[in-house]
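This is what each chain is made of:
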Amino acid sequence: MTRRATPEDFAAMAQNLRQKYNLPTRALVRRQGTGSVPITDENADSSYSGTISIGNPGQSFDVILDTGSSDLWVASTQCLQGCPSGTTTYNPSSSSSFKDTSQTVSITYGTGAVQGDAGSDTVSMGGFTTQSQTFLVAQEVSSGLLTGTLSGLLGLGFKSIANTGATPFVQGLASSSSFSQPLMSFYLERHINDSGAAARAAGGVLTLGNTNSSLFTGTIDFVNIPATVTPGFWLLPVTGVTAQGTAVSLPSQSQLAAIDTGTTLIGGPTAAVAALYTNIPGAQQGTGSLQGYYTFPCSTVVNISMSFGGAHSWPINPVDFKLEASTGGKTVCIGAVFDLSGGTSTSPGSSPPNKRQLNPSTNPDWIVGDTFLKNVYSVFRYDPPSVGFAQLNPSLPGAGSAPGTATPR
């Protein structure tokens with residue numbers, strides 16, 4: 001299914017991402033080793049979710065899987081605003097193991113903010129259970145942050161950027177003896193080009209504590225998070241970008257990218273993004289609500305690849321790069337790589353996010369989201385802190401091989 005939207009939708013998406021990154025003792029039980037979590041594709045690859053259980057007895061919730069943040073939160077039965085009718089909500093009084101910490105927490109994301117009280121309870125996912133996991137019981141949610149059956153978000157980053165100050169659920173499991181290996185891995189299925197796909201469709205697999213060899217071929221190309229960086233976001237150096245087979249000029253100084261399953265598109269620095277589009281015939285800077293984006297002729301097949309200091313350069317399928325918006329009765333094609341610094345400024349009165357990054361200089365230059373991640377098998381390893389990519393098994397549904405395969409650098 002081709003993504004249809006208005007220019008305002010894309011403008012809001014870019015602005016949300018800029019805001020998200022602020023551009024300026026627990027008992028672990030049921031030691032299992034490896035767990036598998038089915039992923040749901042929300043709205044033609046806009047986001048990816050999984051199911052988590054909270055409480056005793058367990059209450060189940062669909063939550064966005066987000067490696068770009070580190071807090072777990074779910075909507076409460078006492079939600080005062082922003083929880084659509086029909087949202088599945090968490091009822092603390094129905095759980096015998098819930099504890100209220102009496103700590104009010106506010107979290108600001110690019111797509112809005114949530115506020116409520118931090119508490120702790122039993123949390124389970126993929127066969128793993130953590131008792132006394134701290135999370136946010138959300139009472140106020142920005143309009144539009146929750147849609148469909150979604151009830152919240154599971155942050156999969158590191159503790160250093162957790163607004164609650166708690167060790168994230170998966171990091172806690174990885175640092176114990178619960179996992180066979182201290183990592184998690186993703187296969188994200190593609191539906192953007194599937195005209196018959198439902199709003200919620202099968203979206204791949206999250207594997208906890210291991211990799212799934214049936215989902216990829218070859219070896220996993222790991223790159224460590226730079227030693228100078230305190231792990232917070234999953235950061236990798238951007239060492240190469242090509243557009244239409246031509247290398248894009250990048251600054252001589254190192255640029256870092258947050259590898260973010262919770263982001264739909266790819267955002268980058270102004271000069272690099274502009275250089276990328278100079279290689280695409282007919283590409284033009286967007287104006288008005290599309291400021292920060294670039295348009296290009298819809299008949300053009302665009303081939304983009306990225307590398308992160310490893311042994312390979314990874315191509316992006318053209319169907320993931322081409323977004324479509326309807327404006328003035330016409331269809332406009334928009335590139336999925338946009339300028340993080342462009343676009344309109346933050347609305348008056350809106351507060352910057354508090355990601356609690358220990359060193360502001362490590363905030364990312366690039367945000368690499370699902371536009372890229374659908375094209376690889378991605379592995380997030382806690383020890384040593386690193387991210388690895390491998391070629392997807394081409395027989396997988398929605399794997400949609402990009403032109404060619406990963407190429408040695």
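Our subject is the structure that appears above.
Attention here is on the structure that accompanies the text. (Residues numbered from 1 in each chain as written. Predicted model: local features only at pLDDT ≥ 70, side-chain atom pairs only at ≥ 80, totals over all residues. Heavy atoms only, no water.)

The sheet built from five strands is open, its strands ordered β14-β17-β26-β18-β25 with mixed pairing. Strands with a single pairing partner mark the edges of an open sheet, and in this sheet they are β14 (235-237) and β25 (337-339). When strand polarity is set aside, the average angle formed by the axes of neighbouring strands in this sheet is 30°. Here β14 runs beside strand β17 (residues 256-259); their pairing, made up of three bridges, is antiparallel. Across the sheet, the residue bridging to P237 is L256, located in β17. In this fold helix α3 (residues 270-278) packs onto β18 (266-268), β25 and β26 (366-368), with an angle of close to 135° to the strand it touches most, β25. (Pairing = 2+ DSSP bridges. Helix = DSSP H or I, 4+ residues; strand = E, 2+ residues; numbered from the N terminus. Axes fitted to C-alpha atoms, helices over the stretch in contact; angles between N-to-C directions. Contact = heavy atoms within 4.5 Å.)

Here the focus is the pattern of salt bridges. Going through the model one piece at a time under the given rule, you end up with five salt bridges. Ionic pairing is found between E42 and R200, a salt bridge with its closest N-O pair at 3.1 Å. With E42 in strand β3 (residues 35-42) and R200 in strand β12 (residues 200-208), the pair connects residues that are 158 residues apart, well separated along the chain. Among the residues examined, E42 registers a relative accessible area of 4% and is labelled buried. Overlapping salt bridges bring together D45, R190, D320 and K374 as one network. (Salt bridge = Lys/Arg side-chain N within 4 Å of Asp/Glu carboxyl O. Buried < 20%, exposed > 50% of the residue type's maximum accessible area, 1.4 Å probe, protein only.)

This part covers the environment of I259. In this fold, I259 is placed in strand β17. We classify I259 as buried; its relative accessible area is 1%. For I259 and P364, which are 105 residues apart along the polypeptide, the C-alpha to C-alpha distance reads 9.6 Å.

Treat this as a map of the structure, not an account of what it does.
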